[in-house]
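Examining the three-dimensional arrangement
So you can see what is in the structure, the chains are spelled out below.
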Amino acid sequence: MLFPVLFCLWITPSSFGLEFRYHNSVQVGQYLTEVSKNYSDFTHLHSIGQSVEGRELWVLILGQNPRQHRTGIPEFKYVGNMHGNEVVGRVLLLQLIDYLTKGYLRDPLVTRLLNSSRVHILPSMNPDGFESSGRDCLYSQGRFNKNGVDLNRNFPDAFSSGNGQLREKEVVAVMEWLKKETFVLSANLHGGAVVASYPYDNSNRGSELQGSSSVSPDNDVFIHLAKTYSLSHSSMHKGDICYDSKDFTDGITNGYSWYPLEGGMQDYNYVWGQCLEITLELSCCKFPPESELPGLWEANRPALLAYMQQVHLGLKGQVLDSNGSPVQNASVEVQGRRNLCPFMTDRNGEYFRLLLPGNYTITVTHPGHEPLTETVSVPYGPDRFSALSHNFQLQKLSSHSTLRTTVQPTCVSSGLQYNHGATLLPSAFTALTALLLHRLLLS
Ligand SMILES: *[C@@H]1O[C@H](CO)[C@@H](O)[C@H](O)[C@H]1NC(C)=O
Ligand SMILES: *[C@@H]1O[C@H](CO)[C@@H](O)[C@H](O)[C@H]1NC(C)=O
Ligand SMILES: *[C@@H]1O[C@H](CO)[C@@H](O)[C@H](O)[C@H]1NC(C)=O
Ligand SMILES: *[C@@H]1O[C@H](CO)[C@@H](O)[C@H](O)[C@H]1NC(C)=O
Ligand SMILES: [Zn+2]
């Protein structure tokens, strides 16, 4: 009979894409391995480390040259499932991989994205948590890693030295990853609310604290990035979709103003990784029924793609010496933006600065060389799938200026700059509230 045969063909995953369900860690590993074999021209699979229980932290890289960085090609990443019981991001990132692999060289947007940037996807940062998770909307079973640690509180914190020196394996893996790649833009996918949250998440009540927000030097860029996601999402921009949520204007919030947290991943990426990261809360229910997954994908797909395109904001290029050789560890500072750690050129002498359109004065500093200041007019890069390319050529300090030295900016140790003892001392009431929030509401 012809009919059942046709029926079988119709329901094969390859004609309809990846099934909308919760794949366990073994299935995710198998799926990613298949993808990397089927699409080996533009994907590359590797593991950045293991979880406490020994599961691989798989990262799929997609791009025209997936195996290595190319000069001028910005590195982008998405990280899902850091809280093991917040599972929508994990599902969406697998769907995104399916969409990107099927669309490359067919869909114009996908093709341009993958030809102009290198995209790293870590569908699950906490596979142990996922495997132990309760299928529950609110509670926290599975949130933590195998050692009971909240990974989004386990990173070094620029505003505090009090969050412990013991780093979990999953966190160490991400920190090492950030050293290997010069990431430019990132998002960390969570659940339990619907909002795009941006740095800072913490403060020590220094000058960054403005009203109830902890404001970074790149606040304008962060607001633009968060809005790019929320306005491209089918409902996030409405701002108050979950039954108990705050009224998030435009569907975005400063992290600290929502609730302060110490040791978070987005502040770490931004302050020390020179990578602008925001935190995306993608569903009121942390572990929704599988029947809701197709709708969640449709709601987020345009936003996930639009956000990736923002990797092309601003300015990029190399710092070269008088011989034209790339200079590593030159600082590239934008006037009016005193970053806690200066943005430095990487081992290729490259820098990337996400900036909104406008005129900027840039100062490049490197020991033994004359400081160089230039003004650059920056257009809107995402439309062109490229930030503005601008190289800086340094000159050696001239002989008559040998008494001068070039003072290079270094990280401002914000945690020591202000009075430590006075920071974040909770009253008994706020401690109790925090505990309840921790159990029930935190995303
Ligand atoms: C990989 O290719 C095989 C053989 O064509 C196919 O059966 C399978 O569905 C593909 N898997 C993925 C994830 O693309
Ligand atoms: C993207 O890169 C591929 C492989 O190098 C090339 O064949 C294709 O023409 C490029 N497409 C666009 C739109 O840049
Ligand atoms: C650049 O700085 C890093 C980190 O401080 C250091 O490990 C590296 O050796 C420096 N490279 C050069 C060429 O100075
Ligand atoms: C930037 O500078 C150019 C001249 O170099 C000027 O025409 C333009 O109006 C300036 N743009 C802004 C936003 O100030
Ligand atoms: Zn979370």
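Numbering of residues starts from 1 in each chain and follows the order in which that chain's sequence is written. By the order in which they are written, chains take letters starting at A while ligands take numbers starting at 1. For this predicted model, a pLDDT threshold of at least 70 governs which residues receive local features, and a threshold of 80 or more governs which side-chain atom pairs are given and counted, while totals over whole chains, interfaces and linings are taken from all residues. Based on all heavy atoms of the structure, the side-chain values leave hydrogens and waters out of the count.

**Examining the pairing of strand β13 (residues 350–353)**
- Side chains of β13 alternate between two faces, with Glu350 and Phe352 and Tyr351 and Arg353 buried alike.
- One bridge is not enough; two strands pair if DSSP finds at least two bridges between them. Here a helix means four or more residues in a row that DSSP labels H or I, a strand means two or more in a row labelled E, and each is numbered from the N terminus. The pairing of strand β11 (residues 315–320) with β13 spans four bridges and is antiparallel. Its bridge partner lying in β13, Gln318 is registered against Glu350. Buried, partly exposed and exposed residues are distinguished by accessible area as a fraction of the type maximum, computed with a 1.4 Å probe on protein chains only: under 20%, between the cut-offs, and over 50%, respectively.

**Digging into the site of ligand 2**
- Neighbouring ligand 2 are the residues Gln64, Tyr104, Leu105, Thr111 and Asn115.
- Here a polar contact means two N or O atoms within 3.5 Å. Within protein one must be a hydrogen donor candidate and the other an acceptor candidate, and residues neighboring in sequence count only if both atoms are side-chain atoms. Take Tyr104: an N or O atom from its side chain is 3.4 Å from an oxygen atom of ligand 2.
- At 2.4 Å from an oxygen atom of ligand 2 is found a side-chain nitrogen or oxygen belonging to Asn115.
- With the chains in place, 40% of the 360 Å² that ligand 2 exposes on its own is no longer accessible.
- Split by residue class, the shell around ligand 2 holds two nonpolar, three polar and no charged. Only heavy atoms are used to decide nearness, and a residue is near a molecule or strand if one of them lies within 4 Å of it. Here, Shrake-Rupley sampling with a 1.4 Å probe gives the accessible areas, and only protein chains in the shown set may cover a residue. Gly is placed with the polar residues, together with every amino acid not listed as nonpolar (Ala, Val, Leu, Ile, Met, Phe, Trp, Tyr, Cys and Pro) or charged (Asp, Glu, Lys and Arg).

**Remarks on the confidence of the model for the protein chain**
- Each residue gets a pLDDT score, which is the predictor's confidence in that residue and runs from 0 to 100. Chain-level pLDDT for the protein chain is 90 on average; 87% of the residues reach the 70-or-more range.
- Throughout residues 1–15 the model reports pLDDT below 50, and contacts reaching past four residues in sequence, or to other chains, amount to five contacts.
- Contact criterion: two residues are considered in contact whenever any of their non-hydrogen atoms come within 4.5 Å of each other. Note that residues 415–439 has pLDDT below 50 and, in this model, 27 contacts with residues that lie over four places away or in other chains.

**Some details on helix α7 (residues 169–180)**
- For α7, built from 12 residues, the straight-helix expectation of 16 Å at 1.5 Å per residue is met to within 8% by its first-to-last C-alpha distance of 17 Å.
- Among all positions in α7, only Glu170, Val171, Ala173, Val174, Met175, Trp177 and Leu178 are buried. The span you would expect from a helix comes to 1.5 Å times its residue count less one.

**What to know about the sheet that holds strand β1 (residues 43–50)**
- Read across the sheet, eight strands follow the order β1-β2-β4-β3-β5-β10-β6-β9 without closing on themselves; strand pairing throughout is mixed. Either end of the sheet is taken by a strand with one partner, and the two such strands are β1 and β9 (252–254). Each adjacent strand pair in this sheet contributes to an overall mean axis angle of 20°, direction not counted.
- Judged from the five bridges that link them, strand β3 (residues 75–80) and strand β4 (residues 118–122) form a sheet pairing that is parallel. Residue pairing in the sheet places Tyr78 in a bridge with Ile121 of β4.
- Axis geometry follows a simple rule: fit a line to the C-alpha atoms, using only the stretch in contact for helices, then measure angles between N-to-C directions, giving values from 0 to 180 degrees. Packing of α7 onto the sheet brings it into contact with β1, β2 (56–62), β3, β4 and β5 (183–190), and relative to β1 it is tilted by some 130°.
- In the packing of helix α8 (residues 219–232) onto the sheet, the strands contacted are β5, β6 (193–198), β9 and β10 (276–283), and the crossing angle to β10 comes to about 30°.

**Points about the sheet that holds strand β15 (residues 372–378)**
- Strand order in the open sheet formed by three strands is β12-β14-β15, and the pairing between neighbours is antiparallel. In this open sheet, the two strands that pair with only one neighbour each are β12 (331–334) and β15. Ignoring which end each strand starts from, the neighbouring axes of this sheet average 30° apart.
- Here seven bridges tie strand β14 (residues 358–365) to β15, and the two strands are oriented antiparallel to one another. Counterpart to Thr363 in the pairing with β15 is Thr373.

**Section: the packing of helix α4 (residues 88–103) against helix α11 (residues 293–309)**
- Interaxial distance between α4 and α11 falls to 10 Å at its minimum, and their mutual angle equals 65°. When the axes of α4 and α11 are compared, the pair comes out roughly perpendicular. The handedness of the crossing between α4 and α11 is right-handed. Only Leu293, Leu296, Trp297, Asn300, Arg301, Leu304, Leu305 and Met308 of α11 make contact with α4, whose side of the interface consists of Val88, Val91, Leu92, Gln95, Leu96, Tyr99 and Leu100.
- Each residue belonging to the contact of α4 with α11 can be placed in one class, and the counts come to 12 nonpolar, two polar and one charged. Roughly parallel refers to an angle under 35 degrees, roughly antiparallel to one over 145, roughly perpendicular to one between 65 and 115, and oblique to any angle outside these ranges. Handedness of a helix crossing follows the sense of rotation of the near helix relative to the far helix, less than a right angle counterclockwise being left-handed and clockwise being right-handed.

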